Amino acid sequence: MSVQVQSFFHRDSNTFSYLVSDPASREAALIDPVLDYDPDTDASSESPVRAMLDAIAQQQLHVRWLLETHAHADHVSAGRRLKQRFPQATLAIGEGIRAVQATFAPRYGLQLPDQHAIFDHLFADGETFALGELQGRIIAVPGHTSDSIAYLIDDAVFTGDSLFMPDGGTARCDFPGGDAAQLYRSIQRLLALPDATRVFVCHDYGPGGRDFANETTIGEQRAHNIHVHEGVAEAEFVSVRQARDATLAEPTLMQPAVKANIQGGA
């Protein structure tokens, strides 16, 4: 039986979070969970994860992993808060987080504790991990950020911000540590997966007013992604991506989100 994927949408940040589970063992992973955050009051709320927590309880799932695809700049992670609820779970992110922390901690005047006090595990490219009877694999996809990774679990890949739905294209590359050419090469690694691989994206903005969506396939991405469909060369992608990035404003929550998320959502 293939991996079970349940999605949860946070409208304020246009973020999809995922509850991923092995039907045989009922072990589960939470990918990119979100907190509500009010920058005016510095108040946070678990309301976005309540439906996820209800599903965990109703299905009697055992949370084994709390997984981040990168240190997000547009929402505050619920990772640290969920670690308090599920102390047996491993809070993990890609090892590139060290470079992100080195960039942003001095900028925000943060003195970070020892790495092991923030994340339980830092994944290396190609590393594998168990989710019950299923195996997951890490695919490093830097370019949007230097710590971006994708999680390939069974026939499903969770791409973080690297790929959007085909009509949404790809993520911006103008944050510190971002690189459009690097993102192009990272995405080629994803597009080399089998066509039938299910793709679950982290964000969707409903281009053209369509309904929000979060699932596609590698085949659909290769054929129809507006930025990186088959036949688009690296130089063309970089030109389009850089022109688009030059028009984008900084995310509203970037400072509080990055400050929290380089600390696991603390």
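Structure's up top.
The structure presented is a predicted model; accordingly, all values stated were derived computationally and were not measured.

Draft legend 1. Quick peek at the overall build of the chain. Within the chain one finds 7 helices and 15 strands. Here the C-alpha atoms of the chain give a radius of gyration of 17 Å, agreeing with the 18 Å that 2.2 N^0.38 yields for 266 residues. When the backbone C-alpha atoms are referred to their principal axes, the chain occupies close to 50 × 45 × 35 Å. Long-range contacts, defined as pairs at least 24 residues apart, comprise 69% of the intrachain contacts of the chain with a sequence gap of at least 6. Surface exposure of the chain reaches about 11,200 Å², of which carbon and sulfur atoms provide 47%. Within the chain, one finds 20 positive and 35 negative side-chain charges whose respective centroids are separated by 3 Å.

Draft legend 2. Molecular detail of the side chain of Ser 148. Looking at where Ser 148 falls in the secondary structure, it is placed in the loop between β11 (134-140) and β12 (149-153). With a relative accessible area of 4%, Ser 148 lands in the buried category. Here Thr 145 takes part through its side chain, which lies 2.6 Å from a polar atom of the side chain of Ser 148. The contact partners of Ser 148, leaving out residues within four places of it in the chain, are Thr 69, His 70, Ala 140, Val 141, Pro 142 and Ser 162.

Draft legend 3. The arrangement of the sheet that holds strand β1 (residues 4-10) in detail. Pairing is mixed in the open sheet, where 6 strands are placed in the order β1-β2-β3-β6-β8-β9. Looking at strand neighbours, the two that pair on one side only are β1 and β9 (121-123), the edges of this open sheet. The mean angle between the axes of side-by-side strands here comes to 25°, regardless of whether they run parallel or antiparallel. Both strand β8 (residues 90-94) and β9 contribute to a ladder of 3 bridges, which runs parallel. Pairing of Gly 94 across the sheet is with Phe 123, part of β9. Along the sheet, helix α1 (residues 50-58) contacts β1, β2 (15-21), β3 (27-31) and β6 (62-67); its crossing angle with β2, the most-contacted strand, is approximately 10°.

Draft legend 4. Representation of the packing of helix α4 (residues 180-191) against helix α6 (residues 234-245). Interhelical geometry of α4 versus α6 gives an angle of 125° and a closest axis separation of 9 Å. Taken together, the axes of α4 and α6 lie oblique to each other. Helix-helix and strand crossings are classified by hand; for α4 and α6 the assignment is right-handed. The segment α4 lies against α6, with Ala 180, Ala 181, Leu 183, Tyr 184 and Arg 185 engaging Glu 234, Phe 237, Val 238, Arg 241 and Gln 242. A breakdown of the residues in the contact of α4 with α6 according to their chemical character gives 6 nonpolar, 1 polar and 3 charged.

Draft legend 5. Inspection of the sheet that holds strand β15 (residues 215-217) at higher detail. In space, the 6 strands of this open sheet follow the order β10-β11-β12-β13-β14-β15, with mixed pairing throughout. For this open sheet the edge positions go to β10 (128-131) and β15, each flanked by a neighbour on one side alone. Here the average twist between neighbouring strands, direction ignored, is 30°. Here β12 runs beside strand β13 (residues 156-158); their pairing, made up of 3 bridges, is antiparallel.

Draft legend 6. How the structure looks around the environment of Val 232. Looking at the element boundaries, Val 232 is found in the loop between α5 (218-224) and α6. With a relative accessible area of 8%, Val 232 lands in the buried category. Sequence-wise, Val 232 and Asp 167 are 65 residues apart; in three dimensions their C-alpha atoms are separated by 15 Å. Residue contacts for Val 232: discarding those within four places in its chain leaves Tyr 184, His 227 and Phe 237.

Draft legend 7. Main features of the pairing of strand β4 (residues 34-38). Of the strand pairs in this sheet, β4 and strand β7 (residues 76-77) are connected by 2 bridges, and their pairing is antiparallel. Considered in β7, the bridge of Leu 35 is made with Val 76. With 3 bridges joining them, β4 and strand β5 (residues 43-45) adopt antiparallel strand pairing. Along β5, the bridge assignment pairs Asp 36 with Ser 45. Between β4 and β5, which follow one another and run antiparallel, lie 4 residues, and Asp 42 among them has a positive phi close to 60°.

Draft legend 8. Structural detail: the nonpolar core. Counting residues in each nonpolar core, the largest one holds 35 residues, and the members touching the most others are Leu 19, Leu 30, Ile 56, Leu 82, Ile 97 and Ile 262. Mapped by element, the contributors of at least two residues to this core are β3, α1, β6, β8, α3 (97-107) and α7 (254-261). With near-sequence residues (within four places) excluded, Ile 56 lies in contact with Leu 19, Leu 30, Leu 61, Val 63 and Phe 86. Membership of the second largest hydrophobic core comes to 23 residues, among which are Ile 139, Met 165, Ala 180 and Val 232.

Cut-off values and rules
Residues numbered from 1 in each chain as written. Predicted model: local features only at pLDDT ≥ 70, side-chain atom pairs only at ≥ 80, totals over all residues. Heavy atoms only, no water. Helix = DSSP H or I, 4+ residues; strand = E, 2+ residues; numbered from the N terminus. Rg over C-alpha atoms; globule rule 2.2 N^0.38 Å. Contact = heavy atoms within 4.5 Å. Areas by Shrake-Rupley, 256 points an atom, 1.4 Å probe, with all protein chains shown as cover. Lys, Arg positive; Asp, Glu negative; His and termini not counted. Charge placed at Lys NZ, Arg CZ, Asp CG, Glu CD. Buried < 20%, exposed > 50% of the residue type's maximum accessible area, 1.4 Å probe, protein only. Polar contact = N/O pair within 3.5 Å; in protein donor to acceptor, adjacent residues only side chain to side chain. Pairing = 2+ DSSP bridges. Axes fitted to C-alpha atoms, helices over the stretch in contact; angles between N-to-C directions. Parallel < 35°, antiparallel > 145°, perpendicular 65-115°, else oblique. Left-handed = near helix turned anticlockwise from the far one by under 90°. Nonpolar A, V, L, I, M, F, W, Y, C, P; charged D, E, K, R; others polar. Core = buried A, V, L, I, M, F, W, Y, C linked by side-chain atoms within 4.5 Å.

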